[in-house]
2 protein chains.
Amino acid sequence: MGFDTHMDVALEEARAAGARGEVPVGAALVLDGAVVARAGNRCRELADATAHAEMLVIRAASRALGRERLDGAALYVTLEPCPMCAAAISAARVARLYYGAADPKSGGVAQGPRIFDHPQCHHVPEVYDGVGASAAAALLEEFFAAKR
Amino acid sequence: MGFDTHMDVALEEARAAGARGEVPVGAALVLDGAVVARAGNRCRELADATAHAEMLVIRAASRALGRERLDGAALYVTLEPCPMCAAAISAARVARLYYGAADPKSGGVAQGPRIFDHPQCHHVPEVYDGVGASAAAALLEEFFAAKR
């Protein structure tokens, strides 16, 4: 599977999250070309503010691989990670981060605390933004429009 | 139970974590004077870089209370939270954060990305630092001295 296809997995998870009434954000954790974990946001379902898609795939991948450092892994997520998730991506030593839509309100990579831009950030992934951004943003816009 | 006693619960959890070979950090989540959740760091045991004491008590408390917003809750932790945990504390709407030792290397509250100091931080807890700091720092120093 290639670059686009992995973001398509994340987009599928985002759509499924939206169908469950969750904010539609999805993620996939990929190692050696294989999807090790995939998840959508489950904050409402789990009544857990930390149950963002990125946290769920990092935890699931760690469990599946039996190691806390996901060296060599790529994380695909439809929305710019929040500061919690960006810091988790660093802590888990994810090698590459691909994300879709920017999040001016709650993002933590290109705005706000800019998690990867501090000397205290012990591991900085390669970051690729705007991947599948229009599809990811459309999902979020539809979701919030329907709620209003 | 009072102020000091709750930090003592966190310190007990830190000691237990150290005895399990984990970096000795502990936390307690308190609501209306009662400890709702308590945990020590379990990164090694769970092979999960996100299994910091604060994340574990937030998730356990959310599960116990059945809600993702921990309004009114106080979180006691023996070490300054890292950026991931500080952002999780904000996301979970924890009202008050009491922490022990400062963490110049990996802290995210008073250094590095200073998670609570950005306009994008939608909820800022009251922060009390240095609570039980000497006991918390001694535990960490002993742990790292023994490893060397």
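Residues numbered from 1 in each chain as written. Chains lettered and ligands numbered in written order. Predicted model: local features only at pLDDT ≥ 70, side-chain atom pairs only at ≥ 80, totals over all residues. Heavy atoms only, no water.

## Some words on the overall build of chain A
Thought 1: For chain A, the helix and strand inventory stands at five helices and five strands.
Thought 2: Shown N-terminal to C-terminal, the secondary structure of chain A runs as helices and strands in the order α-β-β-α-α-β-α-β-β-α.
Thought 3: In summary, chain A has a C-alpha radius of gyration of 14 Å against a globular reference of 15 Å for 148 residues, a match within 12%.
Thought 4: Considered along the principal axes of its C-alpha atoms, chain A spans approximately 40 × 30 × 30 Å.
Thought 5: Counting the 148 residues in chain A, one finds 56% classified as buried.
Thought 6: Within chain A, counting contacts between residues at least 6 apart in sequence, those at least 24 apart form 57% of the total.
Thought 7: Accessible area for chain A stands at about 6000 Å²; split by element, carbon and sulfur atoms hold 51% of it.
Thought 8: The distance from the centre of the 15 positive side-chain charges to the centre of the 18 negative ones in chain A is 5 Å. (Helix = DSSP H or I, 4+ residues; strand = E, 2+ residues; numbered from the N terminus. Rg over C-alpha atoms; globule rule 2.2 N^0.38 Å. Buried < 20%, exposed > 50% of the residue type's maximum accessible area, 1.4 Å probe, protein only. Contact = heavy atoms within 4.5 Å. Areas by Shrake-Rupley, 256 points an atom, 1.4 Å probe, with all protein chains shown as cover. Lys, Arg positive; Asp, Glu negative; His and termini not counted. Charge placed at Lys NZ, Arg CZ, Asp CG, Glu CD.)

## Quick word on the confidence of the model for chain A
Thought 1: Averaged over every residue, the pLDDT of chain A is 95; residues scoring 70 or more account for 97%.
Thought 2: Across the predicted assembly, pTM comes out at 0.96 and ipTM at 0.95. (pLDDT = per-residue confidence, 0-100.)

## What to know about the packing of aromatic side chains
All names here are of chain B.
Thought 1: Evaluated as defined, the whole model comprises six aromatic pairs over all chains.
Thought 2: A ring pair is formed by Tyr76 and Tyr98, whose centres lie 4.5 Å apart and whose planes are at 5°; its orientation type is stacked. Residue Tyr76 is located in strand β3 (residues 74-79), and its partner Tyr98 is located in strand β4 (residues 96-101); the two are separated by 22 residues in the primary sequence. Across the pair, exposure class does not vary: Tyr76 and Tyr98 are buried alike.
Thought 3: Plain terms: the ring middles of Tyr98 and Tyr128 are 4.8 Å apart, the flat faces sit at 15° to each other, and that makes the pair stacked. (Phe/Tyr/Trp six-rings, centres within 6.5 Å; stacked < 30°, edge-to-face > 60°.)

## Some details on the state of the cysteines
Thought 1: Taken as a whole, this structure holds zero disulfides over all chains when the rule is applied.
Thought 2: This cysteine, Cys121(A), is not joined by any disulfide, and Cys82(B) carries the nearest cysteine sulfur, 11 Å off.
Thought 3: In this structure Cys82(B) is not part of a disulfide, and its nearest cysteine sulfur, from Cys85(B), lies 3.9 Å away. (Disulfide = S-S within 2.5 Å.)

## Details of the relation of the copies chain A and chain B
Thought 1: Structural alignment of chain A on chain B gives an RMSD of 0.0 Å, achieved by rotating through 180° and translating 0.0 Å along the axis. Viewed as a symmetry operation, the transformation between the two copies matches a two-fold axis. Rotation axis and chain A: the residue whose C-alpha lies nearest the axis is Met84(A), separated from it by 2.0 Å. (Least-squares fit on C-alpha atoms with pLDDT ≥ 70 in both.)

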